[in-house]
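Structural features, examined
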Amino acid sequence: MKVSRRTFLSIGSFIVGGAAGTALSPLPWKLTDDLSIWTQNWPWTPKPERGDVSYVNSVCTLCPGGCGLSVRKVNDRAVKIEGMKGHPVNDGGICILGLSGLQLLYGPTRVKTPLKRVGERGQGKFKKISWDEALAEAAEKLGALRAEGKSHTVACISGSAGGTVPQLLKRLLTAYGSPNFMSVPTMQDAYAVTLKQMHGIDACPGFDVENADFVLSFGSGIIEGWGSPVRMFKANSAWQDKKIKVVQIESNKSNTAAKAAKWIPARPGSEGVLALGIAHVMLRDGLYKKEACDGAAGFEDFKKWVADNYAPENIAAATGIQKETVESLAKEFAAAASPIALCGRGQGRTPGSQYEFMAVHALNMLAGNINKAGGVQIIPEPKYIAWTEPELDEIAQKGTASPRIDGAGSETYPHAKSLLNRLPQAILTAEGASPVQALLISEANPCYTLSDTQAVKKAFAKIPFVVSFSSYMDESAQNADIILPNHACLERLEDVPTFAGLSKPVIGLSKPVIKPQFDTKHTGDAVIALAKALGDKIAAAFPWESYEACLKETLGDKWEILNEKCFVAAEENIEAPLQFFTQECKTVSAEGDEKQYPFVLMPYDSIRLANGFIGNTPFLTKTVPDTVLKKNEMLVAVNPKSACGDSLSLKEGRSVMLTTPKGSAKVRVHLSEEIMPGVIAVPRGLGHTAYDKYLAGKGVNCNELIGPAEDAGSGLDAVWGIRAKLSNVSI
Amino acid sequence: MDSALIPEGVKRCSPAKFLIFLGVVGAVLLWGVFAMLLCWIKGLNQTNMNDYYGFALWIWADLAVIALGGGAFFTGFLRYIIGKDELKNIINYAVLIGFICYSSALLILAIDIGQPLRGWFIFWHANVHSMLTEVAFCLSCYFGVLTIEYLPLILENRQLDRVPFFHNLSHNMHEIMAVFAATGAFLSFFHQGSLGGVSGVLFGRPFGYREGVFIWPWTFFLFTWSAAACGPCFTILITKITEKVTQKKLVKDNVIELLAKISGWMLATYIIAKILDTWYWASVTAPSKGFWLLDFYSNNPFYGPWILVLEVIICGVLPALILITESGRKSKTALLLAVILAVIGVSLNRWVMVLQVMAVPVMPFDSWYMYFPSWQEIATTVLPVAYGVILIGLSHRYLPIFPQEKELNPID
Amino acid sequence: MNKEHNKAKKFGMVIDLDKCTGCGSCMVACMAENNVPFKADETNKLDSITWMRVYKLTNGKSFPDADFCYLPRPCMHCEGEHGHSPCVSVCPATATDYSHETGIVSQIYTRCFGCRYCMAACPYHARYFNWWDPVWPEGMEKSLNPNVSVRMRGIVEKCSFCYHRYQLAKEKAYYEDRREIEEQEYQTACTQACPAGAITFGDLNNPEHAVHELKKNPNAFRLLERLGTNPKVYYISSREWVRLAGDNYLRQEGKSEKN
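Residues numbered from 1 in each chain as written. Chains lettered and ligands numbered in written order. Predicted model: local features only at pLDDT ≥ 70, side-chain atom pairs only at ≥ 80, totals over all residues.

1. Points about the overall build of chain C
Selection rule: Under the DSSP-based scheme used, a helix requires at least four consecutive residues in state H or I and a strand at least two consecutive residues in state E, with every element numbered from the N terminus. Here the radius of gyration uses the C-alpha set of atoms, whereas the globule reference equals 2.2 Å times the residue count to the power 0.38. Buried, partly exposed and exposed are defined by the number of other C-beta atoms within 10 Å of a residue's own C-beta, namely 20 or more, between the two limits, and 12 or fewer respectively, with C-beta atoms placed from the backbone. Residues are scored as being in contact if the C-beta atoms we place from backbone atoms lie within 7 Å.
When helices and strands are counted, chain C shows six helices and ten strands. In terms of overall dimensions, chain C is globule-like: its C-alpha atoms have a radius of gyration of 19 Å, near the 18 Å expected for 259 residues. Along the three orthogonal principal directions, the C-alpha set of chain C runs to about 50 × 50 × 40 Å. Going through the 259 residues of chain C one by one, you find that 58% of them count as buried. Relative to all contacts within chain C whose residues are 6 or more apart in sequence, the contacts with residues 24 or more apart total 61%.

What follows is the structure, given as structure tokens:
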């Protein structure tokens, strides 16, 4: 084909002329402008709706801290959580989790309706059912067990023991006929046992850190989320202002250690021994408060026992701390006007060794700070829930009289109120059918938070019927048969008794800020409905028409002020006589053979990683450093000088197999001089399998790598680490 | 088939061969277009750029092609303003290469910005203090000039030229080309300079920052100078490649040698200035901000002192020495080596002034981060190359680009 | 009226690094207040938008002498010389501006066309590009704050010292027939949230504001002062190595340089 000149030219001039004509018309200019305006208003970029702004006060239930919240609303949307000014716990401050609470409220992890399992257990396949169907099914299963005389095989795991909702659950179990109400134990439980043994009373500890002038912390993560986090942050800042000395005893340099005036890297697990070493010097040199201790029960025996066994030179090998350090520490501690010693590792998630708690508490007693300003306050357990005892029918009487599955309160474990850590083994070692035939779980995620998660999941598989009240699709909800979703925090009304080491505890009222977003039901109402469905004396034990009515009645004259201020003061301190101890308690050592496992693995807590019942929010995970999480891989911190055998060289970012007697996981190495050589520091709070794409599948759950270590004294879990090794990843 | 469009008196390859050439290069072009569309539709997450590398391969490519396209303005300057008449034999090609380089630069910029549909804000909401504004204005204007310079060439196509209007238009445009060349040269001096100013004014980035006169940092002048020196080298290089590909001599040696000589002296003076600038920066400017020279070249896996040696000595001093000596220019190998080194040198300079500026940590507790472009970035950078090759192919085939071709390659 | 009496404000921050615990509340408070988006994977910190970022500084020593310190880094709202901040002068489309009334460096999201020159100019990496379209999981867009517009893909954003709060406070004062706003009426989200009380915010020019005194603390320093950026964020640390980590020093420049 030959392009004729004519065609060529006419096409050419058409194109050129057309282009020139279009360019001279307003069209391209208008179009250019319109297109830029379009990019400024892309329909897929959300435009938050404007409206009336209001603030609603409430109390945070995302951790036991009990902070007051001030929630900003625009119309019916909650748009920002801020700290409540004037609240005794946090006075306007707020932690990172509380700040991101709206992501839980509005997040994709919410369970939106009652669900019934359709797939295999744990597969996460559910179908939506109505509340009537869900409650009827649960009541039918529970009714059948009761009819078979197996009421004592029903257990309940509650996130906490205090407050009306846990108490309603406990009441349901009692009226139904089971003694197996369990709460998730924390250092508060270890402290409760300590106070029972050393003062002979049921009480909670309060730490008057605001008025202390010397703080000796045995591994407590003061700014890692220990106690009520915001309150501790504030205390820490006040110490900085007042130049109050904080001494942190901890093998790794935690944030707390970095802020402390002095950091003493004692060998992991030797904190209790070190505390008694300090006690030794105080007693030897007569530095203790004689007026407080002389004549106290068991004091002379204690003095002799400590003198014989805990001389600083004798404990140097166990603690790795020089005699001189212990001596000067004891002198400084004793010389302070109001010194305080704290314990409970990290955030205090795991109760810890009874020996250690008692040793540290003995230091407080020697310093004479019990019920003194700046010292340890002894506070009675809350008493505002004063319901009449439920009337028990024959089945219930028989059921509640049977021994608890976890052994709490038995002869072996007389002081413990519940020993959730013992439950998985109790189920797994039982012959024949599981001793737990039905399990209720409220505000707890045992399938993630309990040590040796693999065993926990195996135990769960043996329980025929599991009911979860979770607001979120967590690991335990995923392993349930029926989910009866609770309203989320900020949707529900609930009393929040807050102890958490406060020197002046409060009872808070978490008020609903917005209407429930989904087809959920308050667990209090669900429990009342279940009781009503079970009928007879069980129903009679729950005379309230709704949870709100129950709460109102329970709080009585506190109701109004709580509604107004969101908090009231709890009980005053009680008299606490001193009782010293001498019984030989054993330190809890890390499980595993030293030769086979040259390292010690220690989980560490970070305020940026929620590690309890509440999973991390997207914002929280966003703040996790890339030295902890890279893509979906977790980094464990190791000192570059750690000896780890010939075959492996430690390099930043290197992929290795981390193996413990409980399991193994592929992780990456982060070299850090902040970690004691020979220790592997593993973040707590990663490795979720449930939740959403913002959390699931990121990193490894450290609880899968460590097993529970039952404390010989209390029966509580006292695990702080496990022996471990690193090896090359096999290709 | 297309013989009617081919200039008279020259020989061109068969249409089939030409179509195969177009097909192969066109495929590469399409790959680039695909990547370009990905970047426009899905956004710049398609690249490996990040908040530390806000400027990366594309900005480097922009700076490099504009420096290399500098042959157009400087040859035009020499031909029309200084009056080096011999250069008329290469000016067409210089203009074509310049046109390709500048249109490519504009295209890359349109891909590089996060909101291409708002790109015109740079004119509408112009901030006169920004070097980039200066770049955008001069670049667009000069692109217009280059189009005007290229247009008469198109009109010289055998068929178009037969139209009396086009013939006269083309003739008249040639008459006034000096005016455009002068405008182009003026604009170029500015935007080449302002491109140098882009990193030179960053007083928060001690690696790029330079002192200077009035509002212009030294890099302003160095960039213009280096573009004037190395742009013609690129024109020579592309001419040599075209000659190799077409297996024909297209431009006489004396023309090339003249251009090479001027380039050589430009390069020699430039490199002296560059060394002085580096010395002053290393001993005065950077230390005043707390940096030793070697702080910029250590503790990272890539940016070592070798870069300085390669840029200044091997790709600066060496080609300058070759080009300023007559024997160097006369030796085909030496000349080729020199222009290649000069082209690498100026490209490396632009790389360093973009990428290393980004890479050097400024906060003492920050770290070096390395960058490697994604395939989408590479494809969109190759896209203009493919487009340039096609445009050169078409222009060479249908337009009388090389006035000396007929004389050098008589058809028997 | 009384304009000459109304001295220009210069809002700034003093961050006490001795108190900062590195908890990250400031980062999340900022993200929640300013509708900062999040992706499923935010572990690549080079493309993770955090207007407020907490850096961890280490002293480079071995165990047990190793020490570290957290350093929250908002936008420094550099004044440079007479408002010639590194980023403002380079923006080709006047999409970022230095306000001589407040000292705040603003960013106009609808004007920015994403050339990222300002990011290249900022030595603090305080500027972030929206590499992705911001996406909130279904339902979570309910938590968005209407006082701050959501940014679209392809533009640069950064800390604004919660400028919308300044506007709201001014509006409120106007309605109440007051010319001036109180110190506590305008506080950034990070300042308000910090549980350690480490951040103090206010008008550096106003002797009645806490920052005015705090910035004179002998342990106060600013980041990269030698560059001439003239930032409005001050840090206080009692540790010398931390103060020295705030700027670059040549080897022979001893600690005497730092004062």
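2. So, the overall build of chain B
Regarding its fold elements, chain B presents 16 helices and two strands. Computed over the C-alpha atoms, the radius of gyration of chain B is 22 Å, within 12% of the 22 Å expected from 2.2 N^0.38 for a compact globule of 412 residues. In chain B, which comprises 412 residues, the share counted as buried stands at 51%.

3. Topic: the packing of helix H10 (residues 218-246) of chain B against helix H11 (residues 253-288) of chain B
How two helices pack is summed up by the angle between their axes together with the distance between the axes. All names here are of chain B. What counts here: Only the contacting stretch of a helix is used when fitting its axis, a line to C-alpha atoms as for every element, and angles between N-to-C directions run 0 to 180 degrees. Throughout, the term roughly parallel applies to angles under 35 degrees, roughly antiparallel to angles over 145, roughly perpendicular to angles from 65 to 115, and oblique to all others. In this scheme the crossing of two helices becomes right-handed for a clockwise turn of the near helix relative to the far one and left-handed for an anticlockwise turn of less than a right angle.
The geometry of H10 relative to H11 is characterised by a closest axis approach of 9 Å and an angle of 150° between their N-to-C directions. Considering the angle they form, H10 stands roughly antiparallel to H11. Crossing geometry of H10 relative to H11 is assigned as left-handed. Across the interface between the two elements, Trp218, Leu222, Trp225, Ser226, Ala228, Ala229, Cys230, Pro232, Cys233 and Ile236 from H10 touch Ile256, Leu259, Ala260, Ile262, Ser263, Met266, Leu267, Tyr270, Ala273, Lys274 and Asp277 from H11.

4. Comments concerning the interface of chain A and chain C
At the interface, 60 residues of chain A touch 52 residues of chain C. Listing elements by their share of the side of chain A that touches chain C, those giving two or more residues are helix H2 (27-40), strand E3 (77-83), helix H3 (96-99), helix H4 (101-105), helix H8 (229-242), helix H9 (255-259), helix H25 (618-622) and strand E21 (629-630) of chain A.

5. Some words on the environment of A:Leu635
Residue and element names in this part refer to chain A. In this structure, leucine 635 sits in strand E22 (residues 633-638). The spatial distance from the C-alpha of leucine 635 to the C-alpha of valine 656 is 9.8 Å, given a sequence separation of 21 residues. Among residues more than four places away in sequence, those in contact with leucine 635 are Thr627, Val628, Leu629, Lys630, Val667, Arg668, Val669 and His670.

6. Observations concerning unusual backbone geometry
The step from C:Phe63 to C:Pro64 runs through a cis peptide bond, and the omega angle for that step is 0°. Examined against the element boundaries, C:Pro64 turns out to sit in the loop between strand E2 (53-58) and strand E3 (68-73).

7. Focus: the sheet that holds strand E9 (residues 220-221) of chain C
All names here are of chain C. As a reminder, the rule being used: Should DSSP find at least two bridges between two strands, the strands are regarded as paired.
Spatial ordering of the open sheet is given by E8-E1-E10-E9, a layout of four strands whose pairing is mixed. Both edges of this open sheet fall to strand E8 (199-203) and E9, since each of them pairs with a single strand only. Pairing geometry for strand E1 (residues 11-16) and E8, over five bridges, is antiparallel. In the sheet register, phenylalanine 11 faces E8, and the bridge partner there is aspartate 203.

8. Remarks on the sheet that holds strand E2 (residues 68-74) of chain A
Residues and elements named next belong to chain A. An order of E1-E2-E3 is seen for the three strands of this open sheet, with the pairing classed as antiparallel. Each edge of the open sheet carries a strand with a single partner, namely strand E1 (53-59) and E3. Neighbour-to-neighbour, the strand axes of this sheet turn through a mean angle of 30°, independent of strand direction. Sheet analysis places E2 next to E3, joined by six bridges and oriented antiparallel. Bridging from a neighbouring strand, arginine 72 pairs with lysine 80 of E3.

9. Structural notes on helix H13 (residues 312-319) of chain A
Residues and elements named next belong to chain A. How we decide: It is the directions from the helix axis to the C-beta atoms that the arc portrays.
Along H13, the positions that sit buried rather than exposed are Pro312, Ile315 and Thr319. Summarising the axial view, the buried residues of H13 lie within an arc of 70°, below the 170-degree limit, and thus occupy one face. Facing away from the buried side of H13 by over 90 degrees, the exposed positions are Glu313 and Ala317. Contacts from the buried residues of H13 go to helix H10 (271-284) and helix H14 (323-335). Just downstream of H13 lies glycine 320, where phi reads positive at about 75°.

10. Focus on the environment of A:Gly93
Residue placement: A:Gly93 occurs in the loop between E3 and H3. Spatially, the C-alpha atoms of A:Gly93 and A:Gly83 are 5.0 Å apart, while their sequence positions differ by ten residues. Setting aside its immediate chain neighbours within four residues, A:Gly93 contacts A:Gly83, A:Val230, A:Phe233, A:Lys234 and C:Pro195.

11. Digging into the confidence of the model for chain C
Should pLDDT be low for a region, the predicted coordinates there are not to be read in detail. All names here are of chain C. Using the following cut-off: Known as pLDDT, the predictor's confidence for each residue is given on a scale from 0 to 100.
Overall, the prediction assigns chain C a mean pLDDT of 93, with 95% of residues at 70 or greater. Low pLDDT, under 50, characterises residues 1-5; the predicted model gives this stretch zero contacts beyond four residues in sequence or across chains. Per-residue pLDDT stays below 50 along residues 255-259; that stretch engages in five contacts with residues further than four places along the chain or on separate chains. The ipTM assigned to the predicted complex is 0.94, against a pTM of 0.94.

12. What to know about the packing of H10(A) against H13(A)
Residues and elements named next belong to chain A. The condition is simple: Amino acid classes used here: Ala, Val, Leu, Ile, Met, Phe, Trp, Tyr, Cys and Pro are nonpolar; Asp, Glu, Lys and Arg are charged; the rest, including Gly, are polar.
Two numbers describe how H10 lies on H13: the axes approach to 10 Å, and their chain directions differ by 165°. Considering their axes alone, H10 and H13 lie roughly antiparallel with respect to each other. By crossing handedness, the relation of H10 to H13 is classed as left-handed. Residues Val273, Leu274, Gly277, His280 and Val281 of H10 pack against Pro312, Ile315, Ala318 and Thr319 of H13. Looking at the contact of H10 with H13 residue by residue, the class counts come to six nonpolar, three polar and no charged.

13. With respect to the pairing of E1(C)
Along any regular strand, the residues point their side chains to alternate faces of the sheet. All names here are of chain C. The buried count for E1 comes to six of six residues, which makes it a mostly enclosed element. The side-chain alternation of E1 yields two buried faces, one formed by Phe11, Met13 and Ile15 and the other by Gly12, Val14 and Asp16. One ladder, built from four bridges, connects E1 with strand E10 (residues 233-236); its direction is parallel. Counterpart to isoleucine 15 in the pairing with E10 is tyrosine 235.

14. What about the nonpolar core?
To be explicit about the condition: What makes a nonpolar core is a set of buried Ala, Val, Leu, Ile, Met, Phe, Trp, Tyr and Cys residues, with links drawn between C-beta atoms within 7 Å.
Ranked by internal contacts, the top residues of the largest apolar core, which has 442 residues, are A:Ile278, A:Ala279, A:Val636 and B:Cys230. Leaving out residues up to four positions away in the same chain, B:Cys230 has contacts with B:Ala67, B:Leu68, B:Gly70, B:Leu267, B:Ala342, B:Val343, B:Gly345 and B:Val346.

15. Structural notes on helix H1 (residues 15-42) of chain B
Spelled out, the test is: The length a helix should cover is 1.5 Å for every residue beyond the first.
Taking 1.5 Å of rise per residue, 28 residues should cover 40 Å, and H1(B) covers 39 Å from first to last C-alpha, within 8% of that figure. Within the sequence span of H1(B), burial applies to B:Leu29, B:Gly32, B:Ala35 and B:Cys39.

16. Remarks on the environment of A:Glu548
All names here are of chain A. Structurally, the position occupied by glutamate 548 is in helix H23 (residues 547-555). Judged by local crowding, glutamate 548 falls into the partly exposed class, with 14 C-beta atoms found within 10 Å. The spacing of glutamate 548 and threonine 153 is 395 residues in sequence and 30 Å in space, taken between C-alpha atoms.

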